[in-house]
Amino acid sequence: MSRASLSVVSDSVTVRVPAKVNLHLGVGPLRDDGFHDLVTVFQALSLCDDIRLSPANELRVTTRGEGAADVPADATNLAVRAVNEVARRADRPARVAIDIDKRIPVAGGMAGGSADAAGALVGAAALWGLDIDRDDLTEMAAALGSDVPFALHGGTALGTGRGERLMPILARGEFHWVLAIARSGLSTPAVYGELDRLRESRPDSDIITTRPDELMAALTSGDPRVVAPLLHNDLQPAALSLQPALRRTLRAGVDAGALNGIVSGSGPTCAFLCADETSAVNVAAELSGVGVARAVRTASGPVPGARLLHD
Ligand code: C5P
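Remember, it's a predicted structure, so these values are computed and weren't measured experimentally.

Trainee: Explain the overall build of the chain to me, and be specific about the residues and the numbers.
Mentor: Summing up its helical and strand segments, the chain has 11 helices and 12 strands in all. Radius of gyration (C-alpha) of the chain: 19 Å, near the 19 Å computed for a compact globule of 311 residues. Each of the three principal axes of the chain carries a C-alpha extent, and together these read 60 × 45 × 35 Å. Counting the 311 residues in the chain, one finds 48% classified as buried. Partitioning the intrachain contacts of the chain with sequence separation of at least 6 by distance along the chain shows that 76% fall at a separation of at least 24.

Trainee: Kindly report on the sheet that holds strand β11 (residues 295–301), identifying the contributing residues and their values.
Mentor: A sheet is described by the order of its strands in space; here four strands give the open sequence β9-β10-β7-β11, paired in antiparallel fashion. Sheet topology places β9 (260–263) and β11 at the edges, where each strand pairs with a single neighbour. Neighbour-to-neighbour, the strand axes of the sheet open up by a mean angle of 25°, direction not taken into account. The pairing of strand β7 (residues 175–181) with β11 spans seven bridges and is antiparallel. Within β11, the position partnered with Phe175 by the bridge is Gly301. Lying on the sheet, helix α11 (residues 277–290) is in contact with β7, β10 (270–274) and β11; it crosses β7 at an angle near 10°.

Trainee: Can you lay out helix α10 (residues 246–255) for me, pointing to particular residues and giving the numbers?
Mentor: All of the buried residues in α10 are Leu246, Thr249, Leu250, Ala252 and Gly253. Seen end-on, α10 carries its buried residues on one side only, within an arc spanning 165°. Along α10, exposed side chains directed more than 90 degrees from the buried face belong to Arg247 and Arg248. If you follow the buried residues of α10, they end up packed against β7, α9 (236–242), β9, β10 and α11. Of the residues trailing α10, Gly257 is marked for its positive phi of about 120°.

Trainee: Go over the packing of helix α2 (residues 78–90) against helix α3 (residues 112–127), please, and point to the residues and values.
Mentor: Two numbers describe how α2 lies on α3: the axes approach to 7 Å, and their chain directions differ by 30°. By the angle between their directions, the pair α2 and α3 is classed as roughly parallel. Two packed elements cross with a definite hand, and for α2 against α3 that hand is right-handed. Counted together, Leu78, Ala79, Arg81, Ala82, Val83 and Val86 of α2 and Gly113, Ser114, Asp116, Ala117, Gly119, Ala120, Leu121, Ala124 and Ala125 of α3 form the full contact between these two elements. Here the contact of α2 with α3 is composed, by residue class, of 10 nonpolar, three polar and two charged.

Trainee: Could you give an account of the site of the ligand, with specific residues and numbers?
Mentor: Taken together, Gly34, Phe35, His36, Leu38, Gly145, Ser146, Asp147, Arg162, Gly163, Thr188, Pro189 and Tyr192 make up all the residues around the ligand. Elements that contribute at least two residues to the shell around the ligand include exactly β2 (36–55) and α6 (188–201). Sort the elements by how many residues they give to the shell around the ligand and α6 lands first, with three residues. Tallied by class, residues from the shell around the ligand come to four nonpolar, six polar and two charged. Residue-level mapping places the shell around the ligand at the junction of two domains, with at least three residues from each of domain 1 (3–169) and domain 2 (175–301).

Trainee: How would you summarise α11 if you had to cite specific residues and measurements?
Mentor: In an α-helix there are 3.6 residues to a turn, and that puts residues three or four apart on one side. In this model α11 runs 20 Å from its N-terminal to its C-terminal C-alpha over 14 residues, within 8% of the 20 Å that 1.5 Å per residue would give. Within α11, the full set of buried residues consists of Ala280, Val283, Ala284 and Leu287. Seen along its axis, α11 keeps its buried residues to an arc of 105°; they face one direction. Away from its buried face, by an angle of more than 90 degrees, α11 presents the exposed residues Thr278 and Gly289. Looking at the buried side of α11, the elements it contacts are β7, α10, β10 and β11.

Definitions and cut-offs
Residues numbered from 1 in each chain as written. Predicted model: local features only at pLDDT ≥ 70, side-chain atom pairs only at ≥ 80, totals over all residues. Helix = DSSP H or I, 4+ residues; strand = E, 2+ residues; numbered from the N terminus. Rg over C-alpha atoms; globule rule 2.2 N^0.38 Å. Buried ≥ 20, exposed ≤ 12 C-beta atoms within 10 Å, placed from the backbone. Contact = placed C-beta atoms within 7 Å. Pairing = 2+ DSSP bridges. Axes fitted to C-alpha atoms, helices over the stretch in contact; angles between N-to-C directions. Arc of directions from axis to C-beta. Parallel < 35°, antiparallel > 145°, perpendicular 65-115°, else oblique. Left-handed = near helix turned anticlockwise from the far one by under 90°. Nonpolar A, V, L, I, M, F, W, Y, C, P; charged D, E, K, R; others polar. Near = placed C-beta within 6 Å. Domains from an automatic or database assignment. Expected span 1.5 Å × (residues − 1).

Keep in mind these values describe shape, not function.
Shown next, in the form of structure tokens:
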């Protein structure tokens, strides 16, 4: 290997970023800016994307792994937008090759695109040796998408506003999840739009966006049996309306032994909370056999947000 290529290899950085699941997702009415006010409890899971940034002659992105063919390779890619944003701020050219190794389902309701944006923010700052403080990074993250600040933050957190305002929540222990990845994705705006439509057709339905205190107390207990019945997602009826087959997936997970199952965020990934790791492995094996999902994965949470890997 030549000296030049060696130096390029050693100059690259890799950032690992987690998927999220919403243990609670309360959706307020549609705002004038097209977003909805949320009250949500996020948990970061051990299903992660790895984002590698290396010096290059121009900005480019390649993706491999889970759903790679559905990830745009142009300027709309959230990781590309994130690198452009850091470059603009640092007043330097964005000459970076971004390689995304995906495990988080694309358009799956697990904030995979947001994870890649968060990874690219942290990666670009590290690659160029920039000293961006946490608040500035969070502000840049929020401008890229509602879930990007949580992908930076990780752990378990209460999200308000568009979901970008975060407060850490104490969660004891480790929670074990099974994720059923659907055959096709759902567009987040389409699911929010479907919720608005369903609400218009039932004007007397209550919109409740109070803080889920019971769930937050349950999380401090660390007992999944106390947490499981409190899982809630206002977007679930909308996701089920757009993909009715998800009802069968949710039933199959509970029949397989999960404590409870919900649609993750805007879906269509279904997340099942299990009593322990052994139970999660058994539920995953049984769900795989039923054939309701394209892929089934186990994951645990909470895990940290975007972090540099040192190899
Ligand atoms: O912020 P992000 O780009 O991830 O949001 C994608 C879309 O999801 C928004 O354009 C909006 O339609 C919907 N959304 C919403 N309310 C939120 C977050 C997202 O309506 N709090």
